[in-house]
Amino acid sequence: MLSFMPSNVESFISDIAGVIQSMSILILILGIVFTLLPYFVHGYAIMCTGRKAKVDGDFMPFIPVARQIYQMKIAKCPVWYIFFFGTTTVTVVTVGLISSLLYKLTGKMAIVTVLCIIYIIANMVFTFLYYQKYYEAFGFNPNTAWMNIIPTFGLVAVTFAMLIAFSNSIRYGKYVETPAPDARGSKSMPTNSGVIVGIAGSYRDARFDLVDGAELIFGRSPQEANIVFDQLATDVSRKHCSVRFDGRANQYVVTDYSSNGTYLENGSRLEHGQPKQLSRGTVIYIGSSRQNGFRLN
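Quick notes on the rules
- Residues numbered from 1 in each chain as written.
- Predicted model: local features only at pLDDT ≥ 70, side-chain atom pairs only at ≥ 80, totals over all residues.
- Heavy atoms only, no water.
- Helix = DSSP H or I, 4+ residues; strand = E, 2+ residues; numbered from the N terminus.
- Buried < 20%, exposed > 50% of the residue type's maximum accessible area, 1.4 Å probe, protein only.
- Core = buried A, V, L, I, M, F, W, Y, C linked by side-chain atoms within 4.5 Å.
- Contact = heavy atoms within 4.5 Å.
- Pairing = 2+ DSSP bridges.
- Polar contact = N/O pair within 3.5 Å; in protein donor to acceptor, adjacent residues only side chain to side chain.
- Salt bridge = Lys/Arg side-chain N within 4 Å of Asp/Glu carboxyl O.

Participant: Hey, could you run me through the overall build of the chain in this one?
Facilitator: Secondary structure summary: the chain contains six helices and ten strands in total. Looking at the chain as a whole, 37% of its 297 residues qualify as buried.

Participant: Looking at this structure, I do not really get the nonpolar core. What am I missing?
Facilitator: Across soluble globular proteins, nonpolar side chains show a tendency to be buried alongside one another. Of all hydrophobic cores here, the largest spans 28 residues; its most connected members are Ile 74, Tyr 130, Tyr 134, Tyr 135 and Phe 138. Listed by contribution, the elements that provide at least two residues to this core are α2 (66-75), α4 (109-137) and α6 (155-166). Broken down by element, the residue count for this core peaks at six residues, all from α4. Not counting residues within four places of it along the chain, the set of residues in contact with Phe 138 comprises Thr 49, Lys 52, Ala 53, Ile 74, Ile 164, Ile 170, Arg 171, Tyr 172 and Gly 173. Core analysis: the next-biggest nonpolar cluster, separate from the first, contains 23 residues, Ala 206, Cys 241, Val 254 and Leu 278 among them.

Participant: Please clarify how the sheet that holds strand β4 (residues 227-228) should be interpreted in this entry.
Facilitator: Backbone hydrogen bonds hold the strands of a sheet together, and the pairing may be parallel or antiparallel. Spatially, the five strands line up as an open sheet ordered β4-β3-β5-β6-β8, and their pairing is mixed. Lying at the two open borders of the sheet, with one neighbouring strand each, are β4 and β8 (276-279). Sheet analysis places strand β6 (residues 251-256) next to β8, joined by four bridges and oriented antiparallel. Bridge pairing in β8 places Val 253 opposite Gln 277.

Participant: Would you explain the side chain of Thr 88 in this entry?
Facilitator: Note on placement: Thr 88 falls in the loop between α2 and α3 (89-106). Contacts of Thr 88, omitting those with residues within four sequence positions, involve Gln 68 and Ile 82.

Participant: Whenever I open this one, the side chain of Ser 258 confuses me. Can you help?
Facilitator: By the secondary structure assignment, Ser 258 is in the loop between β6 and β7 (262-264). Polar side-chain contacts of Ser 258 include one of 2.8 Å to the backbone nitrogen of Gly 261. With residues near it in sequence (within four places) discarded, Ser 258 still touches Ser 237, Lys 239, His 240, Arg 269 and His 272.

Participant: Looking at this structure, how should I read the pattern of salt bridges?
Facilitator: Oppositely charged side chains are able to pair whenever their charged atoms sit close together. Taken as a whole and assessed by the stated rule, the structure comprises three salt bridges. Of the charged contacts, one joins Arg 51 and Asp 58 as a salt bridge, the two residues approaching to 2.8 Å between their closest N and O atoms. Of the charged contacts, one joins Arg 238 and Glu 224 as a salt bridge, the two residues approaching to 3.9 Å between their closest N and O atoms. Within this pair, whereas Arg 238 is found in the loop between β4 and β5 (241-246), its partner Glu 224 is found in the loop between β3 (215-219) and β4, the two being separated by 14 residues in sequence.

This is the structure in structure tokens:
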């Protein structure tokens, strides 16, 4: 029995080494996955945000540098902002190259340090200007941009990015300050306007103000609709229907473009592709399930 001990021990050690090697490979693979996963999740959120803003190039948020260019398009900022935008591949490489070159030319670390301080200040300024335009474009008060300058380890930026990307209640539309009350204490509102109120479904209790001639398009496609439904709403078409307010007639004009139909409260279905005039107070339902309803006030 003792003569077999050395070979058994050697076999045991070999097995352990094999397990450790296998675990090392597994840990390496998991490390790569958990490193890349947040990058692609953030990229997907940026892509969804860009779709709301009707920006072309869905692939761009998943490619370094192209992601920052895509973000500039969303906020309609100059492309050169990417050299002063947050802590990205572009900014890190830019600072590294300029600092190295300057140090080789001057040999003085003090000059490099001063340059880095100036760059950090410029970076904060242009990042703030970007987020001002970004938040304003989605209906937020531009002063929300201060939350991205205050050190929060990126939590604020990520939180707002996810809300803007995946919330149906946040749409692409410029921020408008609340009108000041008039002399009688009431808010000044257009006299010739309508309001669409959600009574059921994804937009329950939501209000959409329409002036004369304004039109809302309902559907699942961010490119074709401005009232966008979740992709799981299978009975809502990509471009389902449009609702326009006719101020002169004091009525709404609804046109159905869908395959599952747009219905009135009495169950009748609107004729496909034919504009239908409806009076104030009419209730319409989007899709055959009648889960999403709106009152045309």
